[in-house]
Structures are given as C-alpha cells and as structure tokens.
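Residue-level structure breakdown
So you can see what is in the structure, the chains are spelled out below.
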Amino acid sequence: MTHGADIGTHPDIMQMRARYEAAAANPAAQLADGLTLLSGLYLALSPWIVGFSGTRTPLAVNNLITGLAVALLAMGYSSAFGRTYGISWVAPLLGIWTIIAPWVIRGGMATTSTIVSNVIVGALILLFGLVTMRFGMMDRGRSGGGFRTTGSGHMGPAH
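Residues numbered from 1 in each chain as written. Predicted model: local features only at pLDDT ≥ 70, side-chain atom pairs only at ≥ 80, totals over all residues. Heavy atoms only, no water.

**Let's talk about the overall build of the chain**
Note the following rule: Helical segments are the DSSP runs of H or I of at least four residues, strand segments are the runs of E of at least two, and each set is numbered from the N terminus. Partly exposed describes any residue whose relative accessible area lies between the buried limit of under 20% and the exposed limit of over 50%, with all areas from a 1.4 Å probe on protein chains only and scaled to the type maximum. We call two residues in contact when some of their heavy atoms are within 4.5 Å. Note on areas: Shrake-Rupley with a 1.4 Å probe; residue coverage comes only from the protein chains shown.
Of the regular secondary structure elements, the chain holds seven helices and two strands. Within the chain, the fraction of its 159 residues that count as buried is 34%. Look at the contacts in the chain between residues 6 or more apart in sequence, and 61% of them connect residues 24 or more apart. Working note: accessible area of the chain is about 9400 Å², and carbon and sulfur atoms make up 68% of it.

Listed below in structure tokens is the structure:
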C-alpha cells in the first residue's frame, strides 16, 4: 500500500514547525542564541585575548575547538531551531566542560587568568544553553502527552 500524501503537509508536522518557528522568533530566544554565539567566539579567541602561556597548549587548543563548536551550535539554533532543538542539551554540557577543563586537561599550564576566563565563559555558555533548552521544551510541558478525547468523541493525541 502506498500513500501519495507528503508527510510535510501532515497537520501535526505543520503544527510542530509553527511551534519551533515561534520559539525561534521569540526575542528572548534570539538574545540567548546571540549571546551563546558571542560566548563561543570569545572562548575560541580566549587564548589570544587572555594571553595564555602559549597558543599551542592543550587548553588553548581545547578552547579554540570548544568555542567553535558552541558558535556553530548557536548558529544552528538561530537559523534552524526546528531541526536543532534536539541537540540543545549539548551547549550546557560544553559549558560545564569549559568550566572544568583547566583542571582536567594535562599540560594546560592554567593560570589564574585562564581559569577565571574559562569559569566565567563556561558559566555563561551553561546558562544560555539552558535557556535554549527551555525554549525547545516550552510546549512539551503543557501538552501533557498521551491521548485525550476530542470533541467528536474519538481518541487523539493530546495537544
């Protein structure tokens, strides 16, 4: 049996897309995405801004790679939230990693300034990542999940 209908026109899919577009259009979500992007760019450039003891140390390389990953995630959230909300949990994890990296990475030669920089920017990435996760999960909490009886008496998914 074949179905000629395109799944992209299914009412549930269209409703879900509208919900994610509304979440992405929210000024608070846009602010969080922009600040996440700036935090990621700062983290990537921090070896040169803070003046790490060497730009080829493991901590400097870590900050460059982690910062670029955060910036790419933020660009994904702001440009295609409906397709990237499922990985919004990654940014808070990268924030936690950024906070603990100066103590975990061997040979990083962390100084007071690199530790302070990583802790502050890591906390910001964690915070903005949690805000982004919140916007991705906004309507899930209200739907209640499961099934409900519709006005016509038949069972349907709860919205």
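Further notes follow.
**With respect to helix α3 (residues 58-79)**
Condition: Take the number of residues in a helix, subtract one, and multiply by 1.5 Å to get its expected span.
For α3, spanning 22 residues, the distance from its first C-alpha to its last is 32 Å, which sits close to the expected 32 Å at 1.5 Å a residue. For α3, every residue scored as buried is listed here: Leu 59, Ala 60, Asn 62, Asn 63, Thr 66, Gly 67, Val 70, Ala 71, Leu 73, Ala 74, Gly 76 and Tyr 77.

**Let's talk about the nonpolar core**
We count it as follows: To define a nonpolar core, start from buried Ala, Val, Leu, Ile, Met, Phe, Trp, Tyr and Cys residues and group those joined through side-chain atoms within 4.5 Å.
Residues Leu 43, Val 70, Leu 73, Tyr 77, Ala 91, Leu 94, Val 121 and Ile 125 constitute the largest nonpolar core, which totals eight residues. If you list the elements that add at least two residues to this core, you get α3, α5 (90-104) and α6 (112-136). Setting aside its immediate chain neighbours within four residues, Ile 125 contacts Ser 39, Leu 43, Val 70, Ala 91, Leu 94 and Gly 95. By size, the runner-up hydrophobic cluster in this structure holds five residues, among which are Phe 52, Leu 59, Ala 60 and Ala 101.

**Brief notes about the UniProt feature "transmembrane region" (unreviewed entry) in the chain**
For clarity, the threshold we go by: UniProt positions are given in the numbering used here, feature names are shortened, and annotations may be inferred rather than shown by experiment.
In the numbering used here, UniProt assigns the "transmembrane region" (unreviewed entry) feature to residues 35-53, 59-77, 89-109 and 115-133. With 100% helix and 0% strand, residues 59-77 has end C-alpha atoms that lie 26 Å from one another.

**Brief notes about the confidence of the model for the chain**
So the rule is basically this: Per-residue confidence from the predictor is reported as pLDDT, which spans 0 to 100.
When the pLDDT values of the chain are averaged, the result is 76; 62% of them are 70 or greater. Of all the helices and strands in the chain, strand β1 (residues 147-149) carries the lowest mean pLDDT, 38, while α5 carries the highest, 95. Below pLDDT 50 for its whole length, residues 139-159 participates in 25 contacts with residues either more than four positions away or in separate chains.

**Some words on the packing of α3 against α5**
We count it as follows: An axis is simply a line fitted to the C-alpha atoms; with a helix, the fit covers only the stretch in contact. Between two such axes, the angle follows the N-to-C directions and lies from 0 to 180 degrees. Comment on the angle field: the value is read as roughly parallel under 35 degrees, roughly antiparallel over 145, roughly perpendicular from 65 to 115, and oblique elsewhere. Two helices crossing with the near one rotated counterclockwise from the far one by less than a right angle form a left-handed crossing, whereas a clockwise rotation gives a right-handed crossing.
It is the contact of α3 with α5, at a shortest axis distance of 10 Å, that shows an interaxial angle of 165°. The pairing of α3 with α5 is recorded here as roughly antiparallel in orientation. By crossing handedness, the relation of α3 to α5 is classed as left-handed. Residues Leu 59, Asn 62, Thr 66, Ala 69, Val 70, Leu 73 and Tyr 77 of α3 pack against Val 90, Ala 91, Leu 94, Trp 97, Thr 98, Ala 101 and Pro 102 of α5.

**Things to note about the environment of Ser 78**
Along the chain, Ser 78 falls in helix α3. Look at Ser 78 and you get partly exposed, because its relative accessible area is 47%. Along the primary structure Ser 78 and Thr 132 are separated by 54 residues, whereas in three dimensions their C-alpha atoms are 9.9 Å apart.

**Structural notes on α5**
Note: α-helices contain 3.6 residues per turn, so residues at a spacing of three or four share the same orientation. For clarity, the cut-off: Throughout, bend refers to the angle between the axes fitted to the seven residues that end at a position and the seven residues that start at it.
Along α5, the sharpest change in direction is near 35° and occurs at Thr 98; proline Pro 102 comes one to four residues later. Those residues of α5 not exposed but buried are Ala 91, Pro 92, Leu 94, Gly 95, Thr 98, Ala 101 and Pro 102.

**Quick look at a nonpolar patch on the surface**
Rule in force here: The residues that make up patches have over 30% relative accessible area and no salt bridge, and they are joined within 9 Å when like-charged or within 5 Å when they are Val, Leu, Ile, Met, Phe, Trp or Tyr. Criterion for a salt bridge: a side-chain nitrogen of Lys or Arg within 4 Å of a carboxyl oxygen of Asp or Glu.
A cluster of nonpolar side chains, Ile 87, Trp 89, Leu 93, Ile 96, Ile 100, Trp 103, Val 104 and Val 119, forms an exposed patch at the surface whose accessible area comes to about 730 Å². Per-element accounting of the nonpolar patch gives the leading share, five residues, to α5. By the element assignment, Val 104 lies in helix α5. Classification of Val 104 as partly exposed rests on a relative accessible area of 43%.

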